[in-house]
Number of protein chains: 2
Amino acid sequence: MLSVYSDSHFMKQALQQANIALEEGEIPVGAIVVCENQIIARAYNQTEKLHDVTAHAEIIAITAAANFLNSKYLPDCTLYVTLEPCVMCAGALQWAQIGRVVYGAADDKRGFMRFGKTLLHPKTKLEYGIMEEECSTLLKTFFEKLRK
Amino acid sequence: MLSVYSDSHFMKQALQQANIALEEGEIPVGAIVVCENQIIARAYNQTEKLHDVTAHAEIIAITAAANFLNSKYLPDCTLYVTLEPCVMCAGALQWAQIGRVVYGAADDKRGFMRFGKTLLHPKTKLEYGIMEEECSTLLKTFFEKLRK
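Each residue is numbered by its place in its chain's sequence as written, counting from 1. Chain labels run from A onward and ligand labels from 1 onward, assigned in the order the entries are written. Given that this is a predicted model, residues contribute local features only at a pLDDT of at least 70 and side-chain atom pairs are listed and counted only at 80 or more, while totals for whole chains, interfaces and linings are drawn from all residues. Water and hydrogen atoms play no part in the side-chain values, which are based on all heavy atoms of the structure.

**Thoughts on helix α4 (residues 132–147) of chain B**
Residues and elements named next belong to chain B.
Stage number 1. Secondary structure is summarised from DSSP: a helix means a run of H or I of at least four residues, a strand means a run of E of at least two, and numbering begins at the N terminus for each. In a helix, the anticipated span is given by 1.5 Å times the number of residues less one. Over its 16 residues, α4 extends 23 Å from the first C-alpha to the last, a length consistent with the 22 Å expected when each residue adds 1.5 Å.
Stage number 2. When we look at burial in α4, the residues that qualify are Cys135, Ser136, Leu138, Leu139 and Phe142. Across the axial projection of α4, the buried residues extend over an arc of 150°, all falling on one side. Of the residues in α4, the exposed ones pointing more than 90 degrees away from the buried face are Glu133, Lys140, Lys145 and Arg147. We call a residue buried when its accessible area falls under 20% of the maximum for its residue type, exposed when it is over 50%, and partly exposed in between, using a 1.4 Å probe and counting protein chains only. Think of it as the arc spanned by the lines of direction from the helix axis to the C-beta atoms.

Next up, the structure:
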């Protein structure tokens, strides 16, 4: 049984966002920001719709969370995202001094971990592989459909 | 004499943007995007005003240029920015597949060049040190005032 505030519980919420992206024809990546066990931002990838490479789920979620808290720093927040953040998003998470990052599927090609954890703020905690299969299955489904 | 379409000419335009940031109490960084010798986007750092770490001049300029061209890729564009882009902005420039990046002052602490040119797209051309003194003087003036 999932406890209410487990990482899996929150990753499921990020997966819901990724599913919205999928329905809208976007690469299915979703993110949420949690502060004191409350979800303060939900976002999904919108790069196609907005014709904007910066409209990744994480960037939109960081902006929304900062807006909610009226603070550009997010040290008491956790970002849950279904896919390993890219270099751009890791850079944004570093500036935000986010407390914790939890991601699902790995992204060996574009993920920030090619450069190691140093791209994040030294105080940021990192967890990954949460609901990895569900997160990567969604992406595989999208890319398989694209090839047909 | 400056020719109309020289890098210095366009960097002066980016410096104008940085001056607006200075007037508004922001870290003075400005950027413009040029396509076929036409300025299609002008932006300055707005992280304080928007309480948003992602509101760097480059990110706003990329979004504005993509919006202008109705394309998320910018292979025929040059971004002029007064300060060496950070990792986040280099990541965004990579996704945008921007044709060329020209920056003024170096940023040894937060600049992307710590990781080398590989953070940019392989096809992106890079130039730096254009009007370096003017660009860095503006930043020094800002930080000196801040310390008083």
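**Quick notes on the side chain of Thr124(B)**
All names here are of chain B.
Stage number 1. Its location among the elements puts Thr124 in the loop between β4 (100–105) and β5 (125–128).
Stage number 2. Throughout this description, a polar contact denotes any pair of N or O atoms lying within 3.5 Å of each other; where both atoms belong to protein, one of them has to be capable of donating a hydrogen while the other can accept it, and for residues adjacent in sequence the pair is counted only when both atoms sit in side chains. In terms of polar contacts, Thr124 uses its side chain to reach the backbone carbonyl oxygen of Ile98, at 2.6 Å.
Stage number 3. What makes two residues a contact is simply this: any of their non-hydrogen atoms within 4.5 Å. Excluding its chain neighbours within four sequence positions, the residues that come into contact with Thr124 are Gln97, Ile98, Gly99, Arg100, Val101 and Lys117.

**Digging into the pairing of β4(B)**
Residue and element names in this part refer to chain B.
Stage number 1. Where burial is concerned, most of β4 is hidden: five out of the six residues are buried.
Stage number 2. Sheet topology note: the strand β3 (residues 77–83)/β4 ladder contains five bridges and is parallel. Residue pairing across strands places Leu83 opposite Ala105, the latter belonging to β4.
Stage number 3. Note on pairing: two strands pair once DSSP finds at least 2 bridges between them. Where β4 and β5 come together, four bridges link them in parallel fashion. Following the sheet pairing, Tyr103 is matched in β5 by Tyr128.

**What about the confidence of the model for chain A?**
Stage number 1. The quantity known as pLDDT measures the predictor's confidence residue by residue, on a range of 0 to 100. For chain A, per-residue confidence averages 96 on the pLDDT scale, and residues scoring 70 or more make up 98% of the total.
Stage number 2. Taken together, the chains of this predicted complex give a pTM of 0.95 and an interface ipTM of 0.94.

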